[in-house]
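# Observations on the model geometry
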Amino acid sequence: MSNLHLITVLVEDKPGVLARVATMFARRGFNIHSLAVGPAEELELSRMTIVVDAPDVEQVIKQLQKLINTLKVVELSGTDAIEREVMLIRVNADTEQRSSVLDAAAVFKAKPVDVGATTITFEVVGDPQKLADFLELMRPYGVVSLVKSGRIALAREPKARNLRAIG
Amino acid sequence: MERISISQALIKALEFEGVEVMFGHPGGAILPAYDPLYDSKIRHVLARHEQGAGHMAEGYAQATGRVGVCIATSGPGATNLVTSLANAYMDSIPILAITGQVPTTAIGNDAFQEAHTWGITMPTTKHNYLVTDAAEIPDVIHEAFHLASTGRPGPVLVDLPKDILNTEVVWHDPTGIVDLPGYKPTTTGHPLQVKSAIELIQQSQRPVLYAGGGIIASGAHAELLTFAERANLPVVTTLMARGAFPDTHALHLGMPGMHGFYSAITAMQKSDLLIAIGARFDDRVTGDPSHFATGAKIIHVDIDPAEIGKIRKADVPIVGDARTVLRQLDERLAKVLGTGTAPTRTEWMETLSGWKSAHPISSYEQEPGGLLKPQYVIEELFKTTGGDAIVVAGVGQHQMWAAQLWKYTKPRTWINSGGAGTMGFAVPAAIGAKMGMPDENVWAIDGDGCFQMTMQEMICASTEGIPVKVLIINNHNLGMVRQWQRIFYNERFSASELTDHTPDYVKLAEAMGCAGFRAETAEEVAPVLEKANSINDRPVIVEARVDPDEMVFPMVPAGGSNDIVILSKDDLS
């Protein structure tokens, strides 16, 4: 059974905050599956999106809240969050395969961002499932290299106010 | 406006916080801070090793309840403090550590005496700072004191690069208001949870109040007594809570845990309700958690939300300060009881007193002319002091005997290294305690293995005029290691024997400027201790040469179930 949990953490944007979070995870034996950090809506704040592999997510959240520079920790389950990840994926595409690869990519709205003599590199944006599905689709052609940004997520607005849910 | 150096500002900031004494050791990077200290009213105690300085700060904090301050230089100075910081973090002791650092321009270049102190101490402090903006100093120190002493107390470290220390600033008094958006400890328990707790307590047939070190940290001993009496609740006090509830009280069942009292261990095990206050279900208390008090519901009161549910799920979790929540519980109970009284639970109370009388802690026999028993020595110390002393212990057999056999009746009279199990803690911690409580008789009860780890601090004690007393329970072995090797490793005493007659502790005492005495027989013990008690102008070292084969009982083997308590040597087979 998967123990993956999606957490967003609002922290003060101070030197070493990422180190504090990472050190705490190491100290407590929690595994980071994915981590993305960037500036948040206000100056001096950062938001981390962490996918953690831990059997007891409540303890992870409490230990995160205990850090002095942490302002807010929220667990987002898959249903109430908007999740996105960017993947750059370079696949084999010689002249024989090229059109087939491009056709398959078009279905996923994967954008070709670099074309070489024998490869094409795509940029794919989406939720984790879409990225996983696209990767499976590309495997038969041969995946040369791949990089992911790490998942980012925001909670959805409560349903009543969420009049134009399009994400 | 007068401009002063950051070093002067640092000392001024410490004076502003009311610091009377700091324990430390100077060196290159921290030298700028030592210069203004020369003119300051703050007393500096020169430890002989930075680890000692850290433990002195801890002993001071544990004896007084105030923040202990230690100071060291960069690199090895700072790394030598790490053990003390880890110890303070485990036992929630409020200390402030100030360390020098190489100049900001040299950081990261492997400069002389450079260590990544900030990174190294991140997991062993409640919070730490590397100051890179000189103007922050007064506020950082103020914030550090606030963090160390509020919420769940703990160690805070401030790392100061040498060039920052030499910068000049305009002094401003800290505003007194600390605004940390991510740090707002909850001190008052949720009223609905308090209500639910009282309902559970009233319904319980076999309750036990499990008092932890948080009672002492929050100064809740009086509130604990009032509530336990009103609710008619039997109480156990953990290793960190000895003295939080009087050992002499009829409701007291003793210390629980690996070497606890049978009555305390078994009462928890058979209870239907555990009311844990300022305790954290440590493995030394619970044994195998899956077999711990399986029939008990749990009320868990702690100021640190992360402790609640960490080991054992709580039926009624209450986040709050032990003292405040105990007042709330007592008010609620008083309201519920009205003119009535709490349930008597006669059957449970009779069972408990049966266990107490059937299995008292003391199971040794001191034969006249026989080998001196360590337990006898500790009981004699209790008698000769009338129990009126602050007892400071190291880690091992002597610590367990000191925790079991002394009758603690007041908080902050028992100081030891609980969670971290830091050998060598006693001597420096006793020095710190004596600095904080100069009118008290401070006795370190130490093992010979522990003593040899930090004994150089006795030189500090004698030269600084800090008359602590040390009782060395000398079994010329690492006693607890030997006990485990005897029970679990087929008597293969690998690397646990210390030399029989070296050092000569009496000569050593004299060489370090202390009075030194030795007791080898039962008859010699009391006179020697009385002589030691009468000396107040210098430190005293008393060596008691004891039976190396004596073992600590009761014992629950590590990771075992608390259902199986080994009561004596005879139970081992």
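Conventions used here
- Residues numbered from 1 in each chain as written.
- Chains lettered and ligands numbered in written order.
- Predicted model: local features only at pLDDT ≥ 70, side-chain atom pairs only at ≥ 80, totals over all residues.
- Heavy atoms only, no water.
- Patch = residues over 30% accessible without salt bridge, like charges linked within 9 Å, V, L, I, M, F, W, Y side chains within 5 Å.
- Areas by Shrake-Rupley, 256 points an atom, 1.4 Å probe, with all protein chains shown as cover.
- Salt bridge = Lys/Arg side-chain N within 4 Å of Asp/Glu carboxyl O.
- Helix = DSSP H or I, 4+ residues; strand = E, 2+ residues; numbered from the N terminus.
- Buried < 20%, exposed > 50% of the residue type's maximum accessible area, 1.4 Å probe, protein only.
- 1 Å grid on protein atoms, 1.4 Å probe; cavity = no way out; pocket = protein on both sides within 12 Å on 5 of 7 lines; lining within 4 Å.
- Points joined across faces, edges and corners; volume = space filled by probe spheres on them.
- Nonpolar A, V, L, I, M, F, W, Y, C, P; charged D, E, K, R; others polar.
- Domains from an automatic or database assignment.
- Contact = heavy atoms within 4.5 Å.
- Buried area = accessible area lost by both parts, 1.4 Å probe.
- Expected span 1.5 Å × (residues − 1).
- Polar contact = N/O pair within 3.5 Å; in protein donor to acceptor, adjacent residues only side chain to side chain.
- Pairing = 2+ DSSP bridges.
- Right-handed = clockwise from strand over helix to strand, strands pointing away.
- Axes fitted to C-alpha atoms, helices over the stretch in contact; angles between N-to-C directions.
- Phe/Tyr/Trp six-rings, centres within 6.5 Å; stacked < 30°, edge-to-face > 60°.
- Lys NZ or Arg CZ within 6 Å of the ring centre and 35° of its normal.
- Parallel < 35°, antiparallel > 145°, perpendicular 65-115°, else oblique.
- Left-handed = near helix turned anticlockwise from the far one by under 90°.
- Core = buried A, V, L, I, M, F, W, Y, C linked by side-chain atoms within 4.5 Å.

### Some remarks on a nonpolar patch on the surface
All names here are of chain A. A grouping of Leu18, Ile32, Leu35 and Val37 is seen on the molecular surface, where their side chains present a nonpolar patch of about 290 Å² in accessible area. Among the elements that make up the nonpolar patch, the one with the highest residue count is strand β2 (residues 31–39) (three residues). Position of Leu18 among the secondary structure elements: in helix α1 (residues 17–28). Residue Leu18 is classed as partly exposed on the basis of its relative accessible area, which comes to 41%.

### Notes on empty space enclosed by the protein
Residue and element names in this part refer to chain B. In the structure shown here, the tally under the stated rule is four cavities of 30 Å³ or more. In this structure, the largest cavity encloses a volume near 60 Å³. If you trace the largest cavity, you find it lined by Ile361, Ser362, Ser363, Tyr364, Gln375, Trp401, Gln404, Leu405, Met551 and Phe553. Taken together, the residues of the lining of the largest cavity sort by class into six nonpolar, four polar and no charged.

### A short note on the domain arrangement of chain B
Interface size, as often reported, equals the accessible area lost upon joining of the parts. Residues and elements named next belong to chain B. Looking at the assigned domains, one finds that chain B contains domain 1 (3–170), domain 2 (191–358) and domain 3 (374–552). Spacing between the C-alpha centres of domain 1 and domain 3 amounts to 29 Å. Counting from both sides, the interface comprises 27 residues of domain 1 and, opposite them, 27 residues of domain 3. The junction of domain 1 with domain 3 conceals about 2,000 Å² of combined surface from both sides, 60% of it contributed by carbon and sulfur atoms. Together, Arg48, Gln62 and Ala63 form the three largest contributors to the area buried by domain 1 at its contact with domain 3, with a combined 28%. Counting every contact that joins domain 1 to domain 3 gives one salt bridge. Note that Glu464 and Arg43 form a salt bridge whose closest N and O atoms lie 3.1 Å from each other.

### Some points on helix α14 (residues 322–337) of chain B
Residues and elements named next belong to chain B. Taking 1.5 Å per residue as the helical rise, α14 with its 16 residues ought to reach 22 Å, and the 22 Å between its terminal C-alpha atoms agrees with that figure. Along α14, the residues classified as buried are Ala322, Val325, Leu326, Gln328, Leu329, Asp330, Leu333 and Leu337. Each element contacted by the buried residues of α14 is listed here: α9 (191–203), α10 (213–217), α11 (221–231), β12 (273–277), β13 (297–302) and β14 (316–319). Remark: Gly338 follows α14 within two positions and exhibits a positive phi of approximately 60°.

### Considering the side chain of Gln483 of chain B
Residue and element names in this part refer to chain B. Position of Gln483 among the secondary structure elements: in helix α21 (residues 479–488). Residue Gln483 is classed as buried on the basis of its relative accessible area of 1%. Polar side-chain contacts of Gln483 include one of 2.8 Å to the backbone nitrogen of Val552. For Gln483, the contacting residues outside a window of four places in its chain are His259, Gln397, Met551, Val552 and Met555.

### A short note on the pairing of strand β6 (residues 127–130) of chain B
Residue and element names in this part refer to chain B. Here four bridges tie β6 to strand β7 (residues 155–161), and the two strands are oriented parallel to one another. When the bridges of β7 are listed, Leu130 appears paired with Asp159. Regarding the hand of the β-α-β motif, the stretch spanning β6, helix α7 (residues 137–149) and β7 is right-handed.

### With respect to the sheet that holds β12 of chain B
Residues and elements named next belong to chain B. Taken in spatial order, the six strands of this open sheet run β11-β10-β9-β12-β13-β14, and their pairing is parallel. Sheet topology places β11 (252–254) and β14 at the edges, where each strand pairs with a single neighbour. Between one strand axis and the next, the sheet turns through 20° on average, direction left out of account.

### Section: the domain arrangement of chain A
Residue and element names in this part refer to chain A. For chain A, the assigned domains read domain 1 (4–75) and domain 2 (84–153). On a C-alpha basis, the centres of domain 1 and domain 2 stand 30 Å from each other. Taken together, the contact pairs seven residues of domain 1 with five residues of domain 2. Summed over both partners, the interface of domain 1 with domain 2 comes to about 490 Å²; 58% of that surface belongs to carbon and sulfur atoms.

### Overview of the interface of chain B and chain A
The interface of chain B with chain A comprises 19 residues on the first partner and 20 residues on the second. Along the contact surface separating chain B from chain A lie one salt bridge. A salt bridge links Asp304 of chain B to Lys66 of chain A, with the nearest nitrogen and oxygen atoms 2.6 Å apart. On the surface where chain B and chain A come into contact, there are five residue pairs in polar contact (both at pLDDT 80 or more). Grouping the amino acids of the side of chain B that touches chain A by side-chain chemistry returns 11 nonpolar, four polar and four charged.

### Some details on the layout of surface pockets
Residues and elements named next belong to chain B. Volume-wise, the second largest pocket comes out at about 450 Å³. Going through the elements one at a time, β6 and α7 are the ones with two or more residues in the lining of the second largest pocket. The leading source of residues in the lining of the second largest pocket is β6, at four residues. Among the residues making up the lining of the second largest pocket, the classes are represented as seven nonpolar, four polar and six charged.

### Looking at the side chain of Gln62 of chain B
By the element assignment, Gln62 of chain B lies in helix α3 (residues 50–64). Not counting residues up to four positions away in its chain, the partners in contact with Gln62 of chain B are Ile93, Met240, Arg412, Ile415, Asn416 and Phe425 of chain B.

### Brief notes about the sheet that holds strand β18 (residues 469–474) of chain B
Note on sheets: strands pair through backbone hydrogen bonds, and any given pair is parallel or antiparallel. All names here are of chain B. Overall, parallel pairing links the six strands, which are arranged β16-β15-β17-β18-β20-β19 in an open sheet. Of all strands in the sheet, those bounded by a partner on one side alone are β16 (414–415) and β19 (515–519). Against the sheet, helix α18 (residues 426–436) touches β15 (390–393), β16, β17 (442–447) and β18, its axis set at about 175° to β17.

### What about the packing of aromatic side chains?
Residue and element names in this part refer to chain B. One pass over the full model with this rule turns up 13 aromatic pairs over all chains. Where Tyr262 meets Trp355, the ring centres are 6.3 Å apart and the plane angle is 85°; that geometry is what we call edge-to-face. Of the two residues, Tyr262 sits in helix α12 (residues 262–270) while Trp355 sits in helix α15 (residues 346–358), which places them 93 residues apart along the sequence. The structure contains a cluster of three or more aromatic residues connected by ring pairs, namely Phe382, Trp406, Tyr408 and Trp414. The lysine or arginine in question, Arg482, covers the ring of Phe493, its NZ or CZ lying 4.2 Å from the ring centre.

### Overview of the packing of α11 of chain B against α14 of chain B
Residues and elements named next belong to chain B. One can describe the packing of α11 onto α14 by two numbers: an axis separation of 9 Å at closest approach and a directional angle of 25°. Relative to α14, the element α11 is oriented roughly parallel. The handedness of the crossing between α11 and α14 comes out as left-handed. Residue-level inspection shows Glu223, Leu224, Thr226, Phe227, Arg230 and Ala231 of α11 in contact with α14, the latter providing Arg323, Leu326, Arg327, Leu329, Asp330, Leu333, Ala334 and Leu337. Its residues placed into classes, the contact of α11 with α14 shows eight nonpolar, one polar and five charged.

### With respect to the nonpolar core
All names here are of chain B. One finds Leu209, Ile215, Phe227, Ile299, Leu471 and Val542 to be the most contacted residues of the largest nonpolar core, which totals 100 residues. Ranked by residue count, the leading element in this core is α14, at six residues. The residues that make up this core include at least three from each of domain 2 (191–358) and domain 3 (374–552). Contact partners of Ile299, with chain neighbours within four places excluded, come to Ala197, Leu200, Ile201, Leu273, Leu274, Ile275, Ala276, Val316 and Ile318.

### Remarks on the environment of Ile89 of chain A
All names here are of chain A. Within the secondary structure, Ile89 sits in strand β5 (residues 81–92). Measuring from C-alpha to C-alpha, the distance between Ile89 and Met138 comes to 8.9 Å, with 49 residues separating the pair along the chain. When near neighbours in sequence (up to four residues on either side) are disregarded, Ile89 contacts Ile120, Thr121, Phe122, Val124, Phe134, Leu135, Met138, Val143, Ser145 and Leu146.

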